[in-house]
Amino acid sequence: MHELSLAQGIIDVIREQAATQSFARVRRVRLQIGALSHVEPESIAFCFDAACRDTVAEGARLEIERPPGQAYCLACAATVTIAARPDPCPRCGGHQLMVVGGDELRVLELEVD
Ligand SMILES: [Zn+2]
C-alpha cells in the first residue's frame, strides 16, 4: 500500500497545481522515480490510475523516468553508478558509499489543458 499513498500524494500535488494555475485537465504526467527509491514504477502506474479517478488527472498519460542510482565512493573519491542499495562500489568493491542521486520521487512535468 506504500505505492498507493505515494500515488495519492502525487494526485495531491497535481490538485494543488490545478487550483493555483487553474487548469481543468491533465493530459500527461511525467514522474521521476529513481532506481534507489524503493518504488516500483509498475505499481505506481497501477495505483495512479486508481487514484486519479474523478480528479483533474483522470485519463492522464503517465510517463516515468528512471534515473540510475548514483553514489559517492569515499575510497575512490568518485561518483559511481549503482543498481541497488546496498550494492558495493563497482570500481573498488568497497561499501563506503553515500547515495547522491537516484532516490528521488517527484513530478517533473505536467501537460495540461
Ligand atoms: Zn570505490
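Residues numbered from 1 in each chain as written. Predicted model: local features only at pLDDT ≥ 70, side-chain atom pairs only at ≥ 80, totals over all residues. Heavy atoms only, no water.

**Focus on a nonpolar patch on the surface**
Point 1. A surface patch of nonpolar side chains, about 280 Å² in accessible area, is lined by L74, M98 and V100.
Point 2. One can find M98 in strand β5 (residues 97–101).
Point 3. Looking at M98, the relative accessible area reads 45%, which means it is partly exposed. (Patch = residues over 30% accessible without salt bridge, like charges linked within 9 Å, V, L, I, M, F, W, Y side chains within 5 Å. Areas by Shrake-Rupley, 256 points an atom, 1.4 Å probe, with all protein chains shown as cover. Salt bridge = Lys/Arg side-chain N within 4 Å of Asp/Glu carboxyl O. Helix = DSSP H or I, 4+ residues; strand = E, 2+ residues; numbered from the N terminus. Buried < 20%, exposed > 50% of the residue type's maximum accessible area, 1.4 Å probe, protein only.)

**Section: the sheet that holds strand β6 (residues 105–112)**
Point 1. Reading across the sheet, the 3 strands line up as β2-β1-β6 and stay open at both edges, with mixed pairing between neighbours. Bordering the open sheet on either side are β2 (61–65) and β6, each of which pairs with just one other strand. Going from strand to strand, the sheet's axes swing by 20° on average, the running direction of each strand aside.
Point 2. Bridge count between strand β1 (residues 26–33) and β6: 7 bridges; the pairing is antiparallel. Within β6, the position partnered with L31 by the bridge is V107.
Point 3. In this fold helix α2 (residues 41–51) packs onto β1 and β2, with an angle of close to 160° to the strand it touches most, β2. (Pairing = 2+ DSSP bridges. Axes fitted to C-alpha atoms, helices over the stretch in contact; angles between N-to-C directions. Contact = heavy atoms within 4.5 Å.)

**Quick notes on unusual backbone geometry**
Point 1. In this model, R85 is joined to P86 through a cis peptide bond whose omega is 10°.
Point 2. Positive phi, normally seen in glycine, also occurs at S22, with a value near 40°.
Point 3. Relative to the helices and strands, S22 is located in the loop between α1 (2–21) and β1.
Point 4. Classification of S22 as exposed rests on a relative accessible area of 64%.
Point 5. Phi is positive for D54, which is not a glycine, with a value near 60°.
Point 6. Mapped onto the secondary structure, D54 falls in the loop between α2 and β2.

**Section: the pattern of salt bridges**
Point 1. Scanning all chains against the criterion turns up 8 salt bridges.
Point 2. The residue R15 makes a salt bridge to D12 at a minimum N-O spacing of 4.0 Å. Taken as a pair, R15 and D12 lie in helix α1 at a separation of 3 residues, close to a single helical turn.
Point 3. For D12, a relative accessible area of 39% puts it in the partly exposed group.

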